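Spelled out from the first residue to the last, the chains are:
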Amino acid sequence: NAGVTQTPKFQVLKTGQSMTLQCAQDMNHEYMSWYRQDPGMGLRLIHYSVGAGITDQGEVPNGYNVSRSTTEDFPLRLLSAAPSQTSVYFCATRRRGGYTFGSGTRLTVV
Amino acid sequence: GESVGLHLPTLSVQEGDNSIINCAYSNSASDYFIWYKQESEKGPQFIIDIRSNMDKRQGQRVTVLLNKTVKHLSLQIAATQPGDSAVYFCAEIVSGNTGKLIFGQGTTLQVKP
C-alpha cells in the first residue's frame with residue numbers, strides 16, 4: 001500500500017497560471033479532502049468528497065476546484081493562481097474516523 | 001463558528017521530562033478529537049484520539065485528557081525524547097458535519113538534550 005500519494009512535491013507558478021495538484025490513494029477510502037497549511041497556522045479545509053461523484057466546500061474553497069470521478073483520485077485545480085495561494089497543500093483520506101495524510105505539495109505563486 | 005485553539009505556540013522541555021500540550025475547542029457538538037504530530041516537511045501523523053464519551057485515553061507514552069465541561073483537551077507525553085520535537089495539533093470532528101476535521105493552530109514542542 002502506498003497510502004496517500006501527492007504530486008508534485010514542489011511547484012512554482014506565475015500569477016494567473018493554472019495547475020492541478022494530484023492526490024491518489026490505494027486504500028479504497030470513500031472520504032478524501034484537501035487542506036492548505038500556511039506558516040504559523042493550522043490546516044484549513046479547502047474541499048472534501050464523501051465518495052465518487054460527490055464534492056463539497058470546506059472553510060476556504062475560493063480559487064479552487066475539485067472533482068471526484070473515481071474513488072482513488074481527488075485532484076485539486078487552481079484555475080488562476082494568486083500569490084495568496086502560496087502554501088503547503090495536504091490531501092487526506094478518512095475511514096472510520098482515522099485520517100491519513102499525504103506528504104504535501106509545496107506551492108509558491110510569484 | 002467552529003474553532004479549535006491552542007494555548008501556547010511553543011513549549012520547551014528538558015529531555016526526560018513530561019510534556020503537556022493544551023487545546024481549547026469551542027464547539028459543543030464535537031464528538032471526536034485527534035492529536036497529530038507534524039515534523040518538518042511532512043504531513044500530520046496520527047498520535048492518539050478520544051471520543052466525547054471518554055475523559056481519558058492512554059497510548060504508548062501519550063495520554064489524552066478531555067474535559068467537556070470547559071471544552072479542554074490536553075496531550076501528555078511521558079519521558080519526552082528528542083524525537084518528540086515537532087508541531088502538535090489538536091483537531092476535532094463535529095458530529096453530523098460529514099466528518100470534517102477542524103484543526104487548531106499548533107504548538108511547537110522543543111526538547112532540550
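Just above sits the structure.
Quick caveat, the model's predicted, so the values are computed rather than measured. (Residues numbered from 1 in each chain as written. Chains lettered and ligands numbered in written order. Predicted model: local features only at pLDDT ≥ 70, side-chain atom pairs only at ≥ 80, totals over all residues. Heavy atoms only, no water.)

Thoughts on the pattern of salt bridges
Under the convention used in this document: Salt bridge, as applied in this entry: a Lys or Arg side-chain nitrogen positioned within 4 Å of an Asp or Glu carboxyl oxygen. Think of it in three bands: residues with accessible area under 20% of the maximum for their type are buried, residues over 50% are exposed, and the middle band is partly exposed, with areas taken using a 1.4 Å probe on protein chains only.
Evaluated as defined, the whole model comprises seven salt bridges over all chains. When the shortest N-O distance is used, the salt bridge between D38 of chain A and R36 of chain A registers 3.0 Å. The residues D38 of chain A and R36 of chain A share a single accessibility class, namely buried. The partner of K42 of chain B in a salt bridge is E39 of chain B, and the shortest N-O contact between them spans 3.7 Å. Residue class for E39 of chain B comes out partly exposed when judged on its relative accessible area of 27%. Ionic contacts of the salt-bridge type, sharing partners, join the residues R36, D38 and R44 of chain A into one network.

Some remarks on the layout of surface pockets
Rule in force here: Residues are said to line a cavity or pocket when one of their atoms sits within 4 Å of a point; the points come from a 1 Å grid over protein atoms alone, cavities being sets where a 1.4 Å probe fits but cannot get out and pockets being open sets with protein on both sides within 12 Å along at least five of seven lines. Grid points are joined across faces, edges and corners, and a volume is the space filled by probe spheres set on the points. Each helix corresponds to a stretch of at least 4 residues labelled H or I by DSSP, and each strand to a stretch of at least 2 residues labelled E; elements are numbered beginning at the N terminus. Each residue gets one of three labels, nonpolar for Ala, Val, Leu, Ile, Met, Phe, Trp, Tyr, Cys and Pro, charged for Asp, Glu, Lys and Arg, and polar for the others, Gly among them.
Here the largest pocket is characterised by a volume of approximately 570 Å³. What lines the largest pocket is a set of 31 residues, and nearest its centre among them are Q37, V88 and R106 of chain A together with Q38 and E41 of chain B. Those elements that place two or more of their residues in the lining of the largest pocket are β9 (87-95) and β11 (105-109) of chain A together with β9 (86-94) and β11 (107-112) of chain B. Take the lining of the largest pocket: its biggest share by element is four residues, from β11 of chain A. The space that makes up the second largest pocket amounts to roughly 190 Å³. Lining of the second largest pocket is provided by K37, Q45, F46, I47, Q60, R61, V62, I77, D84 and Y88 of chain B. Ranked by residue count, the leading element in the lining of the second largest pocket is strand β5 (residues 45-51) of chain B, at three residues. A breakdown of the residues in the lining of the second largest pocket according to their chemical character gives five nonpolar, two polar and three charged.

Points about unusual backbone geometry
Of note, the bond from T7 of chain A into P8 of chain A is cis; its omega dihedral lies within 30 degrees of zero at -10°. Here the phi dihedral of R61 of chain B falls at roughly 65°; this positive angle occurs in a residue that is not glycine. By the secondary structure assignment, R61 of chain B is in the loop between β6 (56-58) and β7 (62-67). Of the residues examined, R61 of chain B reaches a relative accessible area of 30% and is grouped as partly exposed. With a phi close to 55°, K71 of chain B is a non-glycine residue in the positive phi region. With respect to the secondary-structure elements, K71 of chain B resides in the loop between β7 and β8 (72-77). Relative accessible area serves as the criterion here: at 26%, K71 of chain B is assigned to the partly exposed category.

Observations concerning the state of the cysteines
Residue and element names in this part refer to chain B. Rule in force here: Disulfide assignment relies on a single distance test, namely cysteine sulfur atoms paired within 2.5 Å.
Throughout the structure, instances matching the rule amount to two disulfides over all chains. The disulfide that involves C23 links it to C90, with 1.9 Å between the sulfurs. As the torsion about the S-S bond is roughly 55°, the C23-C90 disulfide counts as right-handed. Residue C23 is located in strand β3 (residues 19-25), and its partner C90 is located in strand β9; the two are separated by 67 residues in the primary sequence. Residue C90 is classed as buried on the basis of its relative accessible area, which comes to 0%.

Shape is all these values report; function is a separate question.
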